[in-house]
Structure formats: structure tokens, C-alpha cells
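# Architecture and fold: a report
Next come the chains, spelled out residue by residue.
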Amino acid sequence: MDWIQSWKDTLFLLLDDVPVSLRPVVASIAIDGTSSTTIIIDSMSEEPLSRPFLYNESCPDALPLVKSIAPAKHTVCSGSSTLCKLVSWWNSYDSSKESAVLLHQADWLLWLLHGKLGVSDYNNALKVGYDPEMDSYPSWLLSQPYSHLLPSVQDPGTKIGCMKENIRTQFGYPKDCLICTGTTDSIAAFLAARTTQPGKAVTSLGSTLAIKLLSTRRVEDARFGVYSHRLDDKWLVGGASNTGGAVLRQHFTDEQLEKLSEQINPLEASPLDYYPLQAVGERFPVADPKMEPRLHPRPENDVEYLHGILESIARIEAKGYKLLKDLGATPVEEVITSGGGSKNEKWIKIRERVLGLPVCKANQTEAAYGAALLAMKGACENTAPSD
Ligand code: ADP
């Protein structure tokens, strides 16, 4: 699969998808990309120096070296971190490395539009080791022989430049169409919900259960895979459990889920105590790679069974928020919910009871909407009077 070509083709298809009548009024563009998907480019030829490293690819060969230079439990100390990918490439590539530059997927796509090589944002740069609190790369990273590959880092939604002339004339975008720094996919999905107050959280109930909480305090704990992304002057603390909708799909079709859910009384607590997992192993809110799925005893009545599973997943969600609080994050006050599970009104009621908090559905959940909000931020800052 030629990923690079397919991403580029998709970007230009999207530019072409915007109705011709709207293109002249597009003020700015930002892009979100998969966190830790890494591309290394030669700045002279502007060609990739290797195939891209995908987000889920692990480079265990680089892990001992990365662990020897980074602080203990740092987010780069995972085989799939961007830094492990960079170190693995650095140690295996034997041609010229002087003019190489590292970009994340979003940086690379944006570069195609603005043409200034080597710009990133502090969300994408987190997993290469950027310190969003100090607003710089740490000295342990800058002292490495490959530090010249690291991109410069801006706040997400900062103007980088205008769209390249050949592209804007080809598609009919305006002369002053700004290209702004982006963010990662999951941060963009959080931004889409427009939650700006500490204590507000978004639970995504798709195949798995992921929670993200806006906090005034930064919280990290590698044991549970908990880490914080910076969002302006606050922190977005996140954790992801292996439970979620994929387990429901093992037992019920989506139609069955709807029909059976209608018959559940959400005000009544289910006595069934499960730990629904698709496979062995859990990371958050319990770190236990050997945890077995627990879905027994199964009652004869499927409504009761589903009620037990939904209630058990809600308990795991509640435990997740409790863990974030225990680790020092701002306590959760309100949950906004997205993903396939969020359309189940009965489940929302069960979750409100178990969490003891208001739960409401997000109006917007698409990451693209969050990226558009960043583009708007860049455009507004650009037009604000300077002092
Ligand atoms: P992802 O993008 O993570 O694959 P989605 O956000 O598309 O997942 O959500 C899909 C999940 O939603 C499925 O695993 C399915 O079990 C769950 N789902 C679909 N309909 C319902 C429903 N009515 N009640 C609860 N869960 C549902």
C-alpha cells in the first residue's frame, strides 16, 4: 500500500469536494492526523526517506535506547511512540541524514498546502518528546544526534502561511486562505464537542471505551496508559479501557441492541456483575494484562443479560473517572458522550445513575469539525488588531 500517495490523493480529492461556490470564502484550513504516524522527508529533494511509520507500528529495537535517555515512565517509553520510530530509523538508515526532517501525518499534509517544511503542533509533538509545559523540547532530547530532525512546534490553530499559489489557483481558493497548525485525531474529536470548562468530559463509546477529561492539573501514569495533552492553559487527561461496544457486537446485532434496550428499566440497578472484554487483558482503569473477560452467569432473559452488560460497562466508566480524580485530575462534573453507544438513550440513563452525573449526547463528534474550529481560531487571531 502506498500510504503517502493515498493520503496526498485524498487531500486533493477533499479540496476538490468543496463546492466551487464556497471555495472563494474559505478563510483558513487546519488538519488533524493520526497521532504518532511518522514521515521522514529529505528537505532538499522533498521526498520521503522511508515508508511512513504507522501509528500502531512498534519499534521495540529502539526502546532500550529511548528508555536510557528519557525520564522513567515518559510517554515516549513505548515501542509505538514517535521517538522510538525516529530512533529506529536513525539507527537503520545509512544514507545522508543531515537534511532529514520528521513530520507527523497532519504536519505533512499541511506542508503540502503551505510549503514550509518542519512545522508541527504541541499535541502531535507530545509523543516525540516535546514538553508542552515548558513549551520546548527537553535538553535530554536536544542533545541527541538526531535532534535536527525535530520539527518546530506551534500552538494548535496557529497560522503557518497562505495556501501555495499553484494549489489555490488550481482549485479556486482565495489568495489569503490561511493554513494553520492542526492536532491529533482524538484531540480534534474532543474539540468538536466544544467543552472548555475544567470538569467537563467526553466519553467515547465505540468499539472500546475512551474517556477524556478537561483538567486544570496535568496527570500522567504510564501503568494505566494515562497521559495529558495540553489544551491552551488546561490539560486533557485521557484513558482507554478495552471494554466497549465490540463486546456487545459479539452477542447482539445492532437491531437486537435497539429492541432489547427498549425493554430495560434504567432506573433499576442490575445485580449482574460482569467485566465485558473482547479478549484477555485490561489497561485502564485496572492495569492487568491477564484479566479474563467476565460475562457469566448469563440469565435466560436477554433483556436482563444486556442490562447487566450495559450496567457493568457504566461501572467501568465510573471507575475510570474515579481513577483520574485519584491521580489528581479535576473531578468530573458532566459527561458528554459520543460513538455508536451514545445513541442508546436507556444506556445514557443507566450511566447517569451509575456515574451520579448528567450525561448528554454531543452535538458534533466528527474530528473534522474540531479541526475546522482550530482553523477558525487561526483565522480570528490573524484578523485581530495587533498591539
Ligand atoms: P468504532 O468507530 O470505535 O468502531 P462506533 O463509534 O462506530 O465504533 O460504534 C460502534 C459500536 O456501537 C459497536 O461496537 C456497537 O456494539 C455499538 N452500538 C451500536 N448500536 C448500539 C446501541 N443501540 N446500543 C449500544 N451500543 C450500540
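Residues numbered from 1 in each chain as written. Predicted model: local features only at pLDDT ≥ 70, side-chain atom pairs only at ≥ 80, totals over all residues. Heavy atoms only, no water.

### Overview of the pattern of salt bridges
Cut-off, in case you're wondering: Put simply, a salt bridge is a Lys or Arg side-chain nitrogen that is within 4 Å of an Asp or Glu carboxyl oxygen. Each helix is a run of DSSP H or I of at least 4 residues and each strand a run of E of at least 2, with the numbering of both proceeding from the N terminus. Relative accessibility thresholds used throughout: buried, under 20% of the residue-type maximum; exposed, over 50%; partly exposed, between the two (1.4 Å probe, protein chains only).
Under the criterion given, the structure shown has 18 salt bridges. For Glu133, the salt bridge is made with Arg218, and the minimal N-O distance between the two is 2.8 Å. With Glu133 in the loop between strand 5 (119-121) and helix 5 (139-142) and Arg218 in the loop between strand 11 (209-215) and strand 12 (227-231), this pair connects stretches of sequence that are 85 residues apart. Look at Glu133 and you get exposed, because its relative accessible area is 52%. Lys377 is the salt-bridge partner of Asp232, the closest N and O atoms lying 3.6 Å from each other. With a gap of 145 residues between them, Asp232 in the loop between strand 12 and strand 13 (234-241) and Lys377 in helix 12 (residues 367-383) connect regions that are remote in the sequence. What makes Asp232 partly exposed here is its relative accessible area of 47%. Each member of the salt-bridge network shares a partner with another, and the members are Asp131, Glu133, Arg218 and Glu220.

### What about the environment of Leu65?
Rules: Whether two residues touch is decided by their heavy atoms; if any such pair falls within 4.5 Å, the residues are in contact.
Mapping Leu65 onto the fold places it in helix 2 (residues 63-69). Classification of Leu65 by relative accessible area gives partly exposed; the value is 34%. Sequence-wise, Leu65 and Asp121 are 56 residues apart; in three dimensions their C-alpha atoms are separated by 25 Å. Leu65 has contacts with Val87 and Asn91, leaving out every residue within four places of it along the chain.

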